[in-house]
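As a plain string of letters, each chain reads:
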Amino acid sequence: MNYVTNWLQRYKFNPKNTRKAENLSPKREVKTDSPTLCLLPIFACNFARKHVFMKIVRCKWFPPKGFTAIMLVWWLIVKPKVELTSRLINHEEIHSRQQKEMLVIFFLLWYGLEYLFRLAQYRNHQTAYRNISFEREAYANQFNLGYLNDRKFLAWTKYLRT
Ligand SMILES: [Zn+2]
C-alpha cells in the first residue's frame, strides 16, 4: 500500500492558488512495475472525488496539429509553449474525471462514436468536436474551478441532447 500512497502524490486543486500548475503536479516520476497496481489509482480516484492526480508531460509532436493539450487519465500531455492556465487545467481535469468514471475504454469508444455522429450532424470538424457531450460539459464548466467538487457521477450525460 505504501507504493500506492507514494504513487498518488495527491493535491487538491485550489482556485485561489495562483502558482503555476506545474508546481502543483507531482515531481516524482511515475514508476510502474505491476499492471494491476497501475489500475488501482483509477478506482481510488473515484473514491477520492475531491482530489486530482495529474502528471504533466510536455511533448512537441503530440497532441497533433490543432490541439494544445490532451488528457489521458492522469497524464496531461501538452505542447511545449502552451501556458498552463487554471482554465486549461480545469478543462482537462473534467476530462480526466469522465475517463475514470467510464473506465477509460468506454470513454474513448463513446468519444469516437459521438464525434462521427456530430460530424454527420454538423458537417464541420470544429463544430462536431465542440459538440461532443464530453466537450460540452468541459467547455461549459471550465471557468468554474470548484465544479469537480460537487459534480455528479456521469454528469456529461446531461449534455447529450442533440
Ligand atoms: Zn476538451
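Residues numbered from 1 in each chain as written. Predicted model: local features only at pLDDT ≥ 70, side-chain atom pairs only at ≥ 80, totals over all residues.

(A) Quick look at the overall build of the chain. When helices and strands are tallied, the chain shows seven helices and three strands. By residue count, 19% of the 162 residues in the chain fall in the buried class. A fraction of 51% describes how many contacts in the chain between residues 6 or more apart in sequence connect residues 24 or more apart. (Helix = DSSP H or I, 4+ residues; strand = E, 2+ residues; numbered from the N terminus. Buried ≥ 20, exposed ≤ 12 C-beta atoms within 10 Å, placed from the backbone. Contact = placed C-beta atoms within 7 Å.)

(B) A look at the packing of helix α4 (residues 86-101) against helix α7 (residues 133-141). Direction vectors running N to C along α4 and α7 enclose 140 degrees, while the axes themselves pass 9 Å from each other. Between α4 and α7, the angle is such that the two are oblique. Like other packed secondary-structure pairs, α4 and α7 cross with a definite hand, here right-handed. Contacts from His91, Ile94, His95 and Gln98 in α4 reach Phe134, Glu137, Ala138 and Asn141 in α7. Partitioning the contact of α4 with α7 into residue classes produces three nonpolar, four polar and one charged. (Axes fitted to C-alpha atoms, helices over the stretch in contact; angles between N-to-C directions. Parallel < 35°, antiparallel > 145°, perpendicular 65-115°, else oblique. Left-handed = near helix turned anticlockwise from the far one by under 90°. Nonpolar A, V, L, I, M, F, W, Y, C, P; charged D, E, K, R; others polar.)

(C) Region of the structure containing the sheet that holds strand β1 (residues 55-58). Strand order in this open sheet of three strands is β1-β3-β2, and the pairing throughout is mixed. Each end of this open sheet is capped by a strand with a single partner; those strands are β1 and β2 (69-72). In this sheet, neighbouring strand axes are inclined to one another by 20 degrees on average, regardless of whether the strands run parallel or antiparallel. As paired strands, β1 and strand β3 (residues 75-78) are joined by four bridges and run parallel to one another. By the bridge assignment, lysine 55 is partnered in β3 with tryptophan 75. Against the sheet, α4 engages β2 and β3, with an angle of about 35 degrees to β2. (Pairing = 2+ DSSP bridges.)

(D) Inspection of unusual backbone geometry at higher detail. Phenylalanine 62 connects to proline 63 through a cis peptide bond whose omega is 5 degrees. Looking at the secondary structure, you find proline 63 in the loop between β1 and β2. Even without being a glycine, valine 73 presents a positive backbone phi close to 60 degrees. For valine 73, a count of 18 C-beta atoms within 10 Å translates into the label partly exposed. A positive phi angle, near 55 degrees, is found at leucine 154, a position not held by glycine. With respect to the helices and strands, the residue leucine 154 is situated in the segment after α7. The class of leucine 154 is exposed, set by 10 C-beta atoms lying within 10 Å.

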